[in-house]
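Listed below, chain by chain, are the residues.
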Amino acid sequence: MISSPHAAINFSGSAPAWDDLGLADYGYSIVCSPIIFGVTGRDGKNCLVYYDAAKTAESFGRHSANDGETVEKIESRVVGNLAEFNELLCYSLPTPDRLEKLWKFAAWVFDVPLDDFQTMNGFELLETTFESDYARRTLITLPSLNLMGDVGSRGQGAATIVFNLVYTSAQAVGGNHSLAHAMTRIFLEDGGTVLRNCPVERIIVHNGRAIGVDLSPEAASTEKTLYARKAVISNLGARVTLDVVGEDVMKAVDAKLWAKMKYWKTDFRASTMSNWIMRGHPRWKSADYDPAIQKAHLLYRAWDSWEHCKEWHEAFASGDRSRVIGGLGEILDFSVVDPTQISPEGYLAVRCEEAMPLHWRREGKGLDHWDDVKEELKAQRDDLFEELAPGFKEQMLDHAYYTPLDLWRYNPVAVYGQVIGGDFSEDQWYLDRMPYRMPVQGLYMSNNVWPLALSWMAPGYNAASAVAEDLGIRNQPWWSSRSGDWFLRNIPKLIREG
Ligand SMILES: Cc1cc2nc3c(=O)[nH]c(=O)nc-3n(C[C@H](O)[C@H](O)[C@H](O)COP(=O)(O)OP(=O)(O)OC[C@H]3O[C@@H](n4cnc5c(N)ncnc54)[C@H](O)[C@@H]3O)c2cc1C
């Protein structure tokens, strides 16, 4: 059984590619739980976010009747405007005008005057909106992974709480790799050529224009230099793109951007990953409180209290690992919605990603210390899961644990194991990400841009749009569908009750 340590939640539901490219005609299908995600507690309680806002209200309402009403209103506002919100936030190039609209939209979703909203961090927004501990913790799970902003920053922190409400969560039938296979088939059918195992050593810049690439001598291609007819798109992120373009070239073209690329920050949130092979699904302790938790494929271990959550954030920022470990985990039980991923003997994969500080400075150790502590961290995670789902260790057949160094070893672009595009901090947010259109003519970026890299394919969509606009070919009758339309149209057929 093979399980990727990376894309476990399939976010492709929001991609316009479903209708634009006819993804479903290429052997690609997704299935969902009625629950987008949930939080399962050590105290035996849970809190669930459903595609149906009334059901979300019921679950939140068990913790506080007021919170039930509030969350229903918030979710209805997001879902009722999903296409507009998704287009503004993800499937378009960042512009000042769009940023203004995003601010207004985000403040409206939470019913907060814009001036106040822009001075609030994520904690303040949740504390002034929700009264129950569970509601607050549930809505800060994804933002705490530093996906679209820093929850602790003023303004940006409040915005990132709203931005993280946009995700759809699903599983591709047969495994998420099916998406890459379908996209490759479409590309080949439309005349594309795929060259695998061909590392680029240099992007050739001639007279201020990117005109092609030099491949490494070991590249599995007879031709070692490839010339671009129209454009070169780099998916290598800031640092590796700088290496292959050359520092002198970038410095001469745009010294400020050179500095941004050279010192692009990717070391705030490091990922550690567990993949277990289990005999049967974990039986969550909170199933007695609300058995619906067993239908959720995406779950979070989200601290023991709101105070614990706030302490965890403080400890994270100061690199105090001992107070971070075991606080927040993103858990996937893939086969709850896709039984094709269960072996005939009943074995299945469960995964947990836990964010941790990258550096070991407090401990006086270097980054290679990750290799020394792997076994210890792995055992600690098993202990945590035994508490969340009694009997877990008994059901466990194998546990593969990946440190941030392991993830980086997999993928050189993932500096420090960071594959979603680097830190989302005040100086690396929305307009301050890498530009899709580079100042070198004919060169485009599709990684470390806005938004983050995920299976939702938004950066690829935007990079393709930028190139097509510049070539004057963006207006195509087939390239017109709206983000999330396909998903909302099809959701009743996609949901599996588990
Ligand atoms: C721990 C973790 C968990 C994640 N969980 C999820 C999730 O649940 N759901 C989700 O949707 N996403 C998730 N992601 C993000 C997901 O993995 C990324 O969105 C995805 O990998 C980005 O794909 P990409 O093809 O744009 O870039 P990458 O996967 O970074 O691809 C870049 C490619 O470039 C290659 N390369 C490097 N150097 C060169 C060179 N010089 N020349 C040519 N090629 C080169 C690399 O080998 C790599 O194959 C997760 C990531 C991590 C690290």
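Predicted, not measured: the structure shown is a model, and the values here were computed from it.

## Considerations on unusual backbone geometry
Move 1: In this structure, the amide linkage connecting Trp450 to the following residue, Pro451, adopts the cis form with an omega of 0 degrees.
Move 2: If you check the backbone angles, Tyr416 has positive phi at about 60 degrees while not being a glycine.
Move 3: By the element assignment, Tyr416 lies in the loop between α17 (404-410) and β14 (443-445).
Move 4: Owing to a relative accessible area of 19%, Tyr416 belongs among the buried residues under this scheme.

## Brief notes about the nonpolar core
Move 1: Ranked by internal contacts, the top residues of the largest apolar core, which has 94 residues, are Phe110, Phe117, Phe163, Tyr300 and Trp456.
Move 2: Among the elements that make up this core, the one with the highest residue count is helix α5 (residues 96-109) (seven residues).
Move 3: Not counting chain neighbours up to four residues away, the residues in contact with Phe117 comprise Trp103, Ala106, Ala107, Val112, Leu125, Gly155, Ala158, Ala159 and Val162.
Move 4: By size, the runner-up hydrophobic cluster in this structure holds 28 residues, among which are Leu93, Leu215, Val440 and Tyr444.

## Describing the side chain of Ser335
Move 1: Here Ser335 shows up in the loop between β11 (328-333) and β12 (347-356).
Move 2: With residues near it in sequence (within four places) discarded, Ser335 still touches His281, Gln341, Ile342 and Leu348.

## A few points about a negative patch on the surface
Move 1: The grouping of Asp52, Glu58, Glu69 and Glu72 at the surface amounts to a negative patch.
Move 2: In this structure, Asp52 sits in the loop between β3 (46-50) and α2 (53-61).

## Observations concerning the sheet that holds β3
Move 1: With mixed pairing, the seven strands of this open sheet are ordered in space as β3-β2-β10-β11-β12-β9-β13. Only two strands of the sheet have a single neighbouring strand rather than two, namely β3 and β13 (396-402). Pairs of neighbouring strands in the sheet enclose a mean axial angle of 20 degrees, with direction left out of account.
Move 2: Sheet topology places strand β9 (residues 270-279) next to β13; six bridges connect them, and they run antiparallel. Its bridge partner lying in β13, Asn275 is registered against Ala400.
Move 3: Relative to the sheet, helix α15 (residues 369-388) contacts β2 (35-40), β9, β10 (298-302), β11, β12 and β13, its axis offset from that of β13 by approximately 135 degrees.

## Remarks on the site of the ligand
Move 1: Neighbouring residues of the ligand: 25 residues in total, closest Ala8, Ile9, Val200, Asn411 and Ser455.
Move 2: Residues belonging to the shell around the ligand are distributed by class as follows: 16 nonpolar, seven polar and two charged.

## A short note on the sheet that holds strand β7 (residues 225-227)
Move 1: Spatially, three strands are ordered β5-β6-β7 in an open sheet, and the strand pairing comes out antiparallel. Two strands bound the open sheet, and with one partner strand each, they are β5 (200-206) and β7. Each adjacent strand pair in this sheet contributes to an overall mean axis angle of 25 degrees, direction not counted.

## Here's the deal with helix α10 (residues 177-189)
Move 1: A rise of 1.5 Å per residue sets the reference length of α10, with its 13 residues, at 18 Å; its end C-alpha atoms lie 19 Å apart and thus fit the reference within 8%.
Move 2: Along α10, the residues that are buried comprise Ser178, Leu179, Ala182 and Ile186. End-on, the buried residues of α10 take up no more than an arc of 105 degrees, which puts them together on one face.
Move 3: In this structure, the buried side of α10 is in contact with α1 (17-22) and β4 (171-172).
Move 4: The positive-phi residue at the C-terminal boundary of α10 is Gly191, with phi of around 95 degrees.

## Describing the packing of aromatic side chains
Move 1: Counting across every chain of the model gives 33 aromatic pairs.
Move 2: Chaining the aromatic ring pairs together yields one cluster made of Trp103, Phe117, Phe163, Phe424, Trp429, Tyr430 and Trp450.
Move 3: Lying over the aromatic face of Tyr134, Arg137 brings its terminal NZ or CZ to 4.2 Å of the ring centre.
Move 4: Its end group placed over the ring of Trp479, Arg474 keeps NZ or CZ at 3.8 Å from the ring centre.

What counts, and at which threshold
Residues numbered from 1 in each chain as written. Predicted model: local features only at pLDDT ≥ 70, side-chain atom pairs only at ≥ 80, totals over all residues. Heavy atoms only, no water. Helix = DSSP H or I, 4+ residues; strand = E, 2+ residues; numbered from the N terminus. Buried < 20%, exposed > 50% of the residue type's maximum accessible area, 1.4 Å probe, protein only. Core = buried A, V, L, I, M, F, W, Y, C linked by side-chain atoms within 4.5 Å. Contact = heavy atoms within 4.5 Å. Patch = residues over 30% accessible without salt bridge, like charges linked within 9 Å, V, L, I, M, F, W, Y side chains within 5 Å. Areas by Shrake-Rupley, 256 points an atom, 1.4 Å probe, with all protein chains shown as cover. Salt bridge = Lys/Arg side-chain N within 4 Å of Asp/Glu carboxyl O. Lys, Arg positive; Asp, Glu negative; His and termini not counted. Charge placed at Lys NZ, Arg CZ, Asp CG, Glu CD. Pairing = 2+ DSSP bridges. Axes fitted to C-alpha atoms, helices over the stretch in contact; angles between N-to-C directions. Near = heavy atom within 4 Å. Nonpolar A, V, L, I, M, F, W, Y, C, P; charged D, E, K, R; others polar. Expected span 1.5 Å × (residues − 1). Arc of directions from axis to C-beta. Phe/Tyr/Trp six-rings, centres within 6.5 Å; stacked < 30°, edge-to-face > 60°. Lys NZ or Arg CZ within 6 Å of the ring centre and 35° of its normal.

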